Amino acid sequence: MTERLNAARPYALGLFRIVTGLLFACHGAASLFGVLGGAHGGGTVPVGAWPGWYAAVIQLVAGALVLLGAGTRSAAFVASGSMAYAYFTAHQADALFPIQNNGESSAMYCWAFLLLVFTGPGAFALDRLLPARGDRAAVEAEQQPRTAAA
């Protein structure tokens, strides 16, 4: 059973990346373009408004890159940092725990993107088509089936 789950790991990780990137990009699109309900229930964030407009640009661009699996680790690092900033500046002052200060989504996005920084994009990623700077060996090694340690 473990071998079958390990064989499916890159695909599960790829689907996780796609869904996470899509949801994050939707936040940015809602804030920038007023689609999907708009920013905070309607409308858009004013251009250049700190930090909302910049956060929305990061959400849209980093979310799209993560969704496509292009520059996944770098985009996920920026997205994770932006969500950590959002949590500590907009939520932490209200209460200690995310459930108390409405910061659950910021905290979850922060940790989800940090996970992608360390795991890479998984399957279905543009990163897999064009490995750069000696990453080809790492990609090939990751795609090899893993055997259980004796």
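Residues numbered from 1 in each chain as written. Predicted model: local features only at pLDDT ≥ 70, side-chain atom pairs only at ≥ 80, totals over all residues. Heavy atoms only, no water.

For the protein, the helix and strand inventory stands at seven helices and zero strands. Counting helices and strands in the order they occur from the N terminus, the protein gives α-α-α-α-α-α-α. Taking all 150 residues of the protein together, 33% fall into the buried category. Nonlocal contacts in the protein, meaning residues at least 24 apart in sequence, comprise 65% of its contacts between residues at least 6 apart. (Helix = DSSP H or I, 4+ residues; strand = E, 2+ residues; numbered from the N terminus. Buried < 20%, exposed > 50% of the residue type's maximum accessible area, 1.4 Å probe, protein only. Contact = heavy atoms within 4.5 Å.)

Note that predicted coordinates carrying low pLDDT should not be read in detail. In this model, the protein carries a mean pLDDT of 88, and residues with pLDDT of at least 70 account for 87%. Mean pLDDT per element in the protein: helix α7 (residues 136–143) is the minimum at 57, and helix α5 (residues 104–119) is the maximum at 97. (pLDDT = per-residue confidence, 0-100.)

Here we take up the nonpolar core. The biggest cluster of nonpolar side chains holds 14 residues, and the ones touching the most others in it are Phe24, Val66, Ala76, Met83, Phe113 and Leu116. Mapped by element, the contributors of at least two residues to this core are α1 (2–33), α2 (52–68), α3 (72–91) and α5. Ignoring anything within four residues of it in the chain, the contact list for Phe24 reads Ile58, Gln59, Ala62, Gly63, Ala79, Ser82, Met83, Tyr109 and Phe113. (Core = buried A, V, L, I, M, F, W, Y, C linked by side-chain atoms within 4.5 Å.)

α3 packs onto α2 with a crossing angle of 145° between their chain directions and a minimal axis gap of 9 Å. Note that α2 runs across α3; the crossing there is left-handed. Counting all contacts with α2, which are made through Ile58, Gln59, Ala62, Leu65 and Val66, the residues of α3 involved are Thr72, Ala75, Ala76, Val78, Ala79, Ser82 and Met83. Residue composition of the contact of α2 with α3, by class: nine nonpolar, three polar and no charged. (Axes fitted to C-alpha atoms, helices over the stretch in contact; angles between N-to-C directions. Left-handed = near helix turned anticlockwise from the far one by under 90°. Nonpolar A, V, L, I, M, F, W, Y, C, P; charged D, E, K, R; others polar.)

On the secondary structure map, Thr119 appears in helix α5. A relative accessible area of 24% means that Thr119 is categorised as partly exposed. Sequence separation between Thr119 and Thr72 is 47 residues, and the spatial gap between their C-alpha atoms is 9.9 Å.

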